Amino acid sequence: MAEHDENIDEAQRPDERRASAPAGSNLPMIIILAALTIYFGFATLQALTERGNLAAVKGNQEAAIQEAQKVQAQFKTLVNKTGELAQQGHAGAKMVMEELLKRGVGGAPEAKTPSKAESKPVK
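Quick caveat, the model's predicted, so the values are computed rather than measured.

1. Observations concerning the overall build of the protein
Thinking step 1. When helices and strands are counted, the protein shows three helices and zero strands.
Thinking step 2. Carbon and sulfur atoms form 60% of the exposed surface of the protein, whose accessible area is close to 11,100 Å².

2. Side note on the pattern of salt bridges
Thinking step 1. If you walk through the whole model with that rule in mind, you get two salt bridges.
Thinking step 2. A salt bridge links glutamate 99 to lysine 102; its shortest N-O distance comes to 3.5 Å. Remark: lysine 102 and glutamate 99 occur in helix H3 (residues 91-103); sequence separation between them is three residues, near one turn of the helix.
Thinking step 3. The exposure class assigned to lysine 102 is exposed, which follows from its relative accessible area of 65%.
Thinking step 4. The closest approach of N and O atoms between glutamate 99 and arginine 103, which form a salt bridge, is 3.9 Å. Of this pair, glutamate 99 and arginine 103 are both found in helix H3, four residues apart, which corresponds to roughly one turn of the helix.
Thinking step 5. When its relative accessible area of 33% is taken as the criterion, glutamate 99 is described as partly exposed.
Thinking step 6. Among the ionic contacts, a cluster of salt bridges with common partners joins Glu99, Lys102 and Arg103.

3. Observations regarding helix H2 (residues 27-87)
Note that an α-helix has 3.6 residues per turn; residues three or four places apart therefore point the same way.
Thinking step 1. Between the first and last C-alpha of H2 there are 85 Å, a value that for 61 residues agrees with the 90 Å anticipated at 1.5 Å per step.
Thinking step 2. Along H2, the sharpest kink reaches roughly 35°, centred on glutamate 62.
Thinking step 3. The secondary structure elements touched by the buried residues of H2 are H3.
Thinking step 4. At the C-terminal side of H2, glycine 89 shows a positive phi close to 105°.

4. Quick word on the nonpolar core
Thinking step 1. Within the largest apolar cluster, five residues are counted, these being Val79, Ala86, Ala93, Met97 and Leu100.
Thinking step 2. Those elements that place two or more of their residues in this core are H2 and H3.
Thinking step 3. Looking at which element gives the most residues to this core, the answer is H3, with three residues.
Thinking step 4. When neighbours within four sequence positions are excluded, leucine 100 is seen to be in contact with Phe75, Val79, Val105 and Gly106.

5. A closer look at the packing of aromatic side chains
Thinking step 1. Enumeration according to the criterion identifies one aromatic pair in this entry.
Thinking step 2. A centroid spacing of 5.3 Å and a plane angle of 65° characterise the contact between tyrosine 39 and phenylalanine 40, whose relative ring orientation is edge-to-face.

6. Points about the side chain of threonine 82
Thinking step 1. Within the element layout of this structure, threonine 82 appears in helix H2.
Thinking step 2. By relative accessible area, which is 15% here, threonine 82 ends up buried.
Thinking step 3. In this view, threonine 82 contacts Ala93, Val96 and Met97; residues no more than four positions away in its chain are not counted.

Parameters and conventions
Residues numbered from 1 in each chain as written. Predicted model: local features only at pLDDT ≥ 70, side-chain atom pairs only at ≥ 80, totals over all residues. Heavy atoms only, no water. Helix = DSSP H or I, 4+ residues; strand = E, 2+ residues; numbered from the N terminus. Areas by Shrake-Rupley, 256 points an atom, 1.4 Å probe, with all protein chains shown as cover. Salt bridge = Lys/Arg side-chain N within 4 Å of Asp/Glu carboxyl O. Buried < 20%, exposed > 50% of the residue type's maximum accessible area, 1.4 Å probe, protein only. Expected span 1.5 Å × (residues − 1). Bend = angle between axes of the 7 residues up to and from the residue. Contact = heavy atoms within 4.5 Å. Core = buried A, V, L, I, M, F, W, Y, C linked by side-chain atoms within 4.5 Å. Phe/Tyr/Trp six-rings, centres within 6.5 Å; stacked < 30°, edge-to-face > 60°.

Here it is, written out as structure tokens:
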């Protein structure tokens, strides 16, 4: 019977070894997880820093964009007024509009469209 008890003890000992072995074998997994956590933390920090930098650049450009839009609106008004003068027969305005059209800068002057009440339906 003593032999039987020894066999049971020996049978239990490998289980004890197996229970203690995974702690040592998990070390590479723990290192990999720690490295991945550090990497993703660093990548997140970099992305947040870049986001802040982009927001600052956008904020700095906002004034320039508004000024450009203001100048563009003034130019469109100037071209429209010049187009009106050209339609009225002003020679200088016609020359300016022709040059603008050659360069593709100015659009064709807007012609007054007849209202729906004045137009006749086509049969």
